[in-house]
Amino acid sequence: MDVLVQMLRLIVSVLLALVVGKLVSKINLPSILGWLITGIVIGPYALGILDNSVLDASWFSVAESIFQCIFGLMIGTELIWKRMKRAGVQIVVTTITESLGTFFCVSAVFGIIFYFSSVPIYLAFIMGAIALATAPAPSLSVVDNLKTDGPVTRTLIPMAALDDLVAALVFFLTIAFVSAHISTSGLSVPVVIFLVFSPVLIGIVTGYIAGLILRRTKTNRSTIIWMLAMLLFSTAIGAAINMVLPAPVINFMLIGMSCSTVFSNMIDQEKLDKMMEVMNPVIGLAMVPVILDLAAPLDYHLIFGAGIYTAVYIVSRALGKYFGAYFGAAATHSDENVKKYLGFTLLPHSGVSLVFSGIAISVLSTPAPEYAAIIQGTIAAAAVINEIIAVFVAKKGFEWAGEIGKADEVGFYDAKGED
């Protein structure tokens, strides 16, 4: 009975989010803003409709993993090699510069503050490592909702996946060094590599198997059934690995992205297009519980208690993302709009950052609880404030780039004669 009540709570929450999102879209704002606000309002810190009994339920964790894996389709099915081979180097370089630019900017600013505050400098590097993380769901929801297309959109989609990889690698390496420094049970290098790359490896293997199967399917229905079956199989493997880890850190969106990237490059374009005609509405619906899961744990009371650390974190992270992306785009001679506006679409932050901060807090809680509290208060407050601001900024970035509504007109690659 408890499970049925919890499921009913989730269904009601999704319906409320859809209604609020529709109302928000009427005033020319992305629906995701309505979903985020709804998640915060109905979460455990406000109305409690989507409370901890739902968010912590094992069935919800499984369902959320599946939703994230399905959401990965939105990225993976766009990563077609023949489209990306010209822009591949630009995307990789820009991802590295915006990620490392953010890490060094946030670490440097907090390093100076902590130096004069007699706080250990290693805490600044943890802040910088957490700041790398970009939550792709909000920006990609804006892409889907506002039907954006163009150089900025086509750069953002593959970057959403690569950014998570770079962020995870830098974060876990930083935590490994800090753990060794403060003499707690640290993460070994093999474990770090495993945590970062296992979602991609899982997706590559299952995606290759899926590609072999999908090449032989005769109908669109059988194609979709087999594709979903392989995504569920991929999710099950990730869930099994998560169960044996100290903390559930496997990124299911990366699994879905990797799996769909592989099979999308193995089947013909016509079959892929027909499959995605059916799956695009499913992906759109899967976004809603994913966003609610990001928003519900955010405590809006933290907005009123946010201090100078929170403000510094938000501003320094934004500067690192923007100028890091600008430098990478300029160095690789990317489109002018990519240089000017890509950074605005990279500000959403909450999902992965909360996972990273939770891991950092667990590492620091015993040897340095006072510094764990600094991270907890700063990141939690920043997540609430930044997530609302970031959606507005992402929308403006696409608007200034002139890409809103372009997907309804003609695809970017079509327009260039490359598709």
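What counts as what
Residues numbered from 1 in each chain as written. Predicted model: local features only at pLDDT ≥ 70, side-chain atom pairs only at ≥ 80, totals over all residues. Heavy atoms only, no water. Helix = DSSP H or I, 4+ residues; strand = E, 2+ residues; numbered from the N terminus. Buried < 20%, exposed > 50% of the residue type's maximum accessible area, 1.4 Å probe, protein only. Contact = heavy atoms within 4.5 Å. Areas by Shrake-Rupley, 256 points an atom, 1.4 Å probe, with all protein chains shown as cover. Axes fitted to C-alpha atoms, helices over the stretch in contact; angles between N-to-C directions. Parallel < 35°, antiparallel > 145°, perpendicular 65-115°, else oblique. Nonpolar A, V, L, I, M, F, W, Y, C, P; charged D, E, K, R; others polar. Expected span 1.5 Å × (residues − 1). Disulfide = S-S within 2.5 Å. Salt bridge = Lys/Arg side-chain N within 4 Å of Asp/Glu carboxyl O. Phe/Tyr/Trp six-rings, centres within 6.5 Å; stacked < 30°, edge-to-face > 60°. Patch = residues over 30% accessible without salt bridge, like charges linked within 9 Å, V, L, I, M, F, W, Y side chains within 5 Å. Left-handed = near helix turned anticlockwise from the far one by under 90°. pLDDT = per-residue confidence, 0-100. Lys, Arg positive; Asp, Glu negative; His and termini not counted.

K.L.:
Sorry if this is basic, but what is going on with the overall build of the chain here?
P.N.:
Looking only at helices and strands, the chain has 19 helices and zero strands in total. Relative to its full complement of 419 residues, the chain shows a buried share of 56%. Counted over contacts in the chain with a minimum sequence separation of 6, partners at least 24 positions apart contribute 83%. Entry remark: accessible area of the chain is about 17,800 Å², with carbon and sulfur atoms responsible for 68%.

K.L.:
Hey, could you run me through the environment of Leu228 in this one?
P.N.:
When you line up the elements, Leu228 lands in helix H11 (residues 220–244). Classification of Leu228 as partly exposed rests on a relative accessible area of 29%. Leu228 sits 158 residues away from Ile70 along the chain, and the two C-alpha atoms are 8.3 Å apart.

K.L.:
I'm lost on the packing of helix H1 (residues 2–25) against helix H13 (residues 269–295) in this one. Help?
P.N.:
To describe two helices that pack against each other, one gives the angle between their axes and the distance between the axes. Contact pair H1 / H13: the axes reach a minimum separation of 10 Å and the direction vectors enclose 105°. By the angle class used here, H1 and H13 are roughly perpendicular. Residues Ser13, Val14, Ala17 and Leu18 of H1 pack against Leu285, Val288 and Leu292 of H13. Classifying every residue of the contact of H1 with H13 by side-chain character gives six nonpolar, one polar and no charged.

K.L.:
When you look at helix H15 (residues 308–331) in this model, what are you seeing that I'm missing?
P.N.:
Given 3.6 residues per helical turn, the α-helix brings residues three or four places apart onto the same face. Its 24 residues place the ends of H15 34 Å apart at the C-alpha level, agreeing with the 34 Å of an ideal helix rising 1.5 Å per residue. Where H15 ends, the next residue or the one after it, His333, has phi of about 55°, a positive value.

K.L.:
Looking at this model, I keep getting lost on the state of the cysteines. Mind explaining?
P.N.:
Taken as a whole and judged by the stated rule, the model has zero disulfides. Cys69 takes part in no disulfide bond, and the closest cysteine sulfur to it belongs to Cys259, at a distance of 6.7 Å. Residue Cys69 is classed as buried on the basis of its relative accessible area of 1%.

K.L.:
How should the pattern of salt bridges be read in this particular structure?
P.N.:
Oppositely charged side chains are able to pair whenever their charged atoms sit close together. Per the stated rule, a full pass over the model turns up seven salt bridges. Lys321 serves as the salt-bridge partner of Glu98, at 3.0 Å between the closest nitrogen and oxygen. Placement of Glu98 in helix H6 (residues 88–117) and of Lys321 in helix H15 is noted, with a sequence separation of 223 residues between them. Each of the two residues, Glu98 as well as Lys321, counts as buried.

K.L.:
Is there a simple way to explain the packing of aromatic side chains in this structure?
P.N.:
What describes a pair of aromatic rings is the distance from one ring centre to the other and the angle between the planes of the rings. In this structure the tally under the stated criterion is 13 aromatic pairs. On the basis of an interplanar angle of 40° and a centroid distance of 6.2 Å, the ring pair of Phe103 and Phe125 is categorised as tilted. Within this pair, whereas Phe103 is found in helix H6, its partner Phe125 is found in helix H7 (residues 122–131), the two being separated by 22 residues in sequence. Ring plane angle 40° and centroid distance 5.4 Å describe the contact between Phe110 and Phe114, whose orientation is recorded as tilted.

K.L.:
Explain unusual backbone geometry here, please?
P.N.:
One can expect most non-glycine residues to show negative phi and most peptide bonds to be in trans. Look at Ser118: it is not a glycine, yet its phi comes out positive at around 60°. For Ser118, the location among the structural elements is in the loop between H6 and H7. In this structure Ser118 comes out as exposed when scored by relative accessible area, which is 67%. Although it is not a glycine, His333 sits at a positive phi angle of roughly 55°. As for its placement among the helices and strands, His333 is situated in the loop between H15 and helix H16 (336–341).

K.L.:
Mind showing me how you'd approach a nonpolar patch on the surface here?
P.N.:
A contiguous nonpolar surface patch, about 400 Å² in accessible area, is contributed by Val92, Ile96, Leu100, Phe104 and Leu162. Sort the elements by how many residues they give to the nonpolar patch and H6 lands first, with four residues. With respect to the helices and strands, the residue Ile96 is situated in helix H6.

K.L.:
Just to check I follow, could you spell out the packing of helix H4 (residues 58–76) against H13 for this structure?
P.N.:
The N-to-C vectors of H4 and H13 enclose an angle of 130°; their axes lie 8 Å apart at closest approach. Taken together, the axes of H4 and H13 are oblique relative to one another. In this structure, H4 meets H13 at a crossing whose hand is left-handed. Along the contact surface, H4 presents Phe60, Glu64, Phe67, Gln68, Ile70, Phe71, Leu73 and Met74, while H13 presents Met279, Val282, Ile283, Ala286, Met287, Pro289, Val290 and Asp293. Of the residues assigned to the contact of H4 with H13, the class counts are 13 nonpolar, one polar and two charged.

K.L.:
Mind showing me how you'd approach the confidence of the model for the chain here?
P.N.:
Predicted coordinates in regions of low pLDDT should not be interpreted in detail. Confidence in the prediction of the chain, expressed as mean pLDDT, is 81, and 85% of residues score 70 or more. The model gives residues 410–419 a pLDDT under 50, and that stretch makes 15 contacts with residues more than four places away or in other chains.

K.L.:
Help me out: how do you make sense of the environment of Ile202 in this one?
P.N.:
With respect to the helices and strands, the residue Ile202 is situated in helix H10 (residues 189–214). Along the sequence, Ile202 and Ile255 sit 53 residues apart, while their C-alpha atoms lie 6.4 Å from each other. Once you skip the residues sitting within four places of it in the chain, Ile202 turns out to touch Ser234, Ile237, Gly238, Ile241 and Ile255.

K.L.:
Mind showing me how you'd approach the environment of Phe125 here?
P.N.:
Judged by its relative accessible area of 38%, Phe125 is partly exposed. Considering only alpha carbons, one finds Phe125 and Ala108, 17 residues apart in sequence, at a separation of 8.2 Å. Contact partners of Phe125, with chain neighbours within four places excluded, come to Phe103, Ser107 and Thr174.

K.L.:
I tried to follow the side chain of Glu403 on my own but got confused; where do I start?
P.N.:
With respect to the helices, strands and loops of the structure, Glu403 is situated in the loop between helix H18 (369–400) and helix H19 (412–416). Buried charged residue Glu403 carries no salt bridge. Nearest counter-charge: Arg154, at 8.0 Å. The residues contacting Glu403, other than those within four sequence positions of it, are Lys147, Thr148, Asp149, Gly150, Pro151, Val152, Thr153 and Phe398.

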